[in-house]
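Each chain, letter by letter, is given below.
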Amino acid sequence: QMQLVESGGGLVQPGGSLRVSCAASGRTFSGYAMGWFRQAPGKEREFVAAITWNGSRTYYADSVKGRFTISRDNAKNTVYLQMNSLKPEDTAVYYCAAEQRIIPTTTPHEYDDWGQGTQVTVSS
């Protein structure tokens, strides 16, 4: 099992930026595709972004395309989500997740391991 720990969440004003990170341990990080999901109160967990094991391909939900960027550093066992032009509707708990697939999926139940989440609040 891979252990995942998110960090970097917080309060940011609309239009602002924030970068959340996810540090992995316990398994060979480079063997896993990684994804970011989010869950707002009263809503289901939704896909945000994903990246292949070597970072060669990235995938985004339409709602964040052009504003968010997922990246990874396999030497540091860390995946990042850079969030720009944040909107109040981006407010949620953000989770990173790992799956042993060549091409990552957008479905939460396909992922094997999850972090505990980090709160992102976009408000003035």
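Now for a description of the structure that goes with this document.

What counts and what doesn't
- Residues numbered from 1 in each chain as written.
- Predicted model: local features only at pLDDT ≥ 70, side-chain atom pairs only at ≥ 80, totals over all residues.
- Heavy atoms only, no water.
- Pairing = 2+ DSSP bridges.
- Helix = DSSP H or I, 4+ residues; strand = E, 2+ residues; numbered from the N terminus.
- Axes fitted to C-alpha atoms, helices over the stretch in contact; angles between N-to-C directions.
- Core = buried A, V, L, I, M, F, W, Y, C linked by side-chain atoms within 4.5 Å.
- Buried < 20%, exposed > 50% of the residue type's maximum accessible area, 1.4 Å probe, protein only.
- Salt bridge = Lys/Arg side-chain N within 4 Å of Asp/Glu carboxyl O.
- Phe/Tyr/Trp six-rings, centres within 6.5 Å; stacked < 30°, edge-to-face > 60°.
- Lys NZ or Arg CZ within 6 Å of the ring centre and 35° of its normal.

1. Things to note about the sheet that holds strand E7 (residues 68-73)
Then, number 1: Spatial ordering of the open sheet is given by E1-E3-E8-E7, a layout of four strands whose pairing is antiparallel. Of all the strands in the sheet, the pair left with one neighbour each is strand E1 (3-7) and E7. For this sheet the average axis-to-axis angle between neighbouring strands, irrespective of direction, equals 15 degrees.

2. Structural notes on the nonpolar core
Then, number 1: Residues Met34, Trp36, Val79, Leu81, Met83 and Tyr94 are the most contacted members of the largest nonpolar core, which totals 34 residues.
Then, number 2: Listed by contribution, the elements that provide at least two residues to this core are strand E3 (18-25), strand E4 (33-39), strand E5 (46-51), E7, strand E8 (78-83), strand E9 (92-99) and strand E11 (118-122).

3. Some details on the pattern of salt bridges
Then, number 1: Inspection of every chain in the model, using the stated rule, returns six salt bridges.
Then, number 2: A salt bridge links Arg38 to Asp90; the shortest N-O distance between them is 2.9 Å. Linking Arg38 in strand E4 with Asp90 in the loop between E8 and E9, this pair joins segments that are 52 residues apart in sequence. By the burial criterion, Arg38 is buried, and Asp90 matches it.
Then, number 3: The residue Arg67 makes a salt bridge to Asp90 at a minimum N-O spacing of 2.7 Å. With Arg67 in the loop between strand E6 (58-60) and E7 and Asp90 in the loop between E8 and E9, this pair connects stretches of sequence that are 23 residues apart. Asp90 matches Arg67 in its accessibility class, with the two residues each being buried.
Then, number 4: Here the salt bridges share partners, and the residues they tie into one network are Arg38, Glu46, Arg67 and Asp90.

4. Observations regarding the packing of aromatic side chains
Working definition: an aromatic ring pair is given by the centre-to-centre distance plus the angle between the planes.
Then, number 1: Scanning all chains against the criterion turns up five aromatic pairs.
Then, number 2: When the centroid spacing of 5.1 Å and the interplanar angle of 55 degrees are considered together, the rings of Phe37 and Trp114 count as tilted. Of this pair, Phe37 sits in strand E4 while Trp114 sits in strand E10 (residues 113-114), and the two are 77 residues apart along the sequence.
Then, number 3: The class for Phe37 is buried, based on a relative accessible area of 0%.
Then, number 4: On the basis of relative accessibility, which here comes to 26%, the residue Trp114 falls in the partly exposed class.
Then, number 5: Here the aromatic cluster, defined as three or more aromatic residues joined through ring pairs, consists of Phe37, Phe47, Tyr95, Tyr111 and Trp114.
Then, number 6: Positioned over the ring face of Trp114 is Arg45, at 4.7 Å from the centre of the ring.

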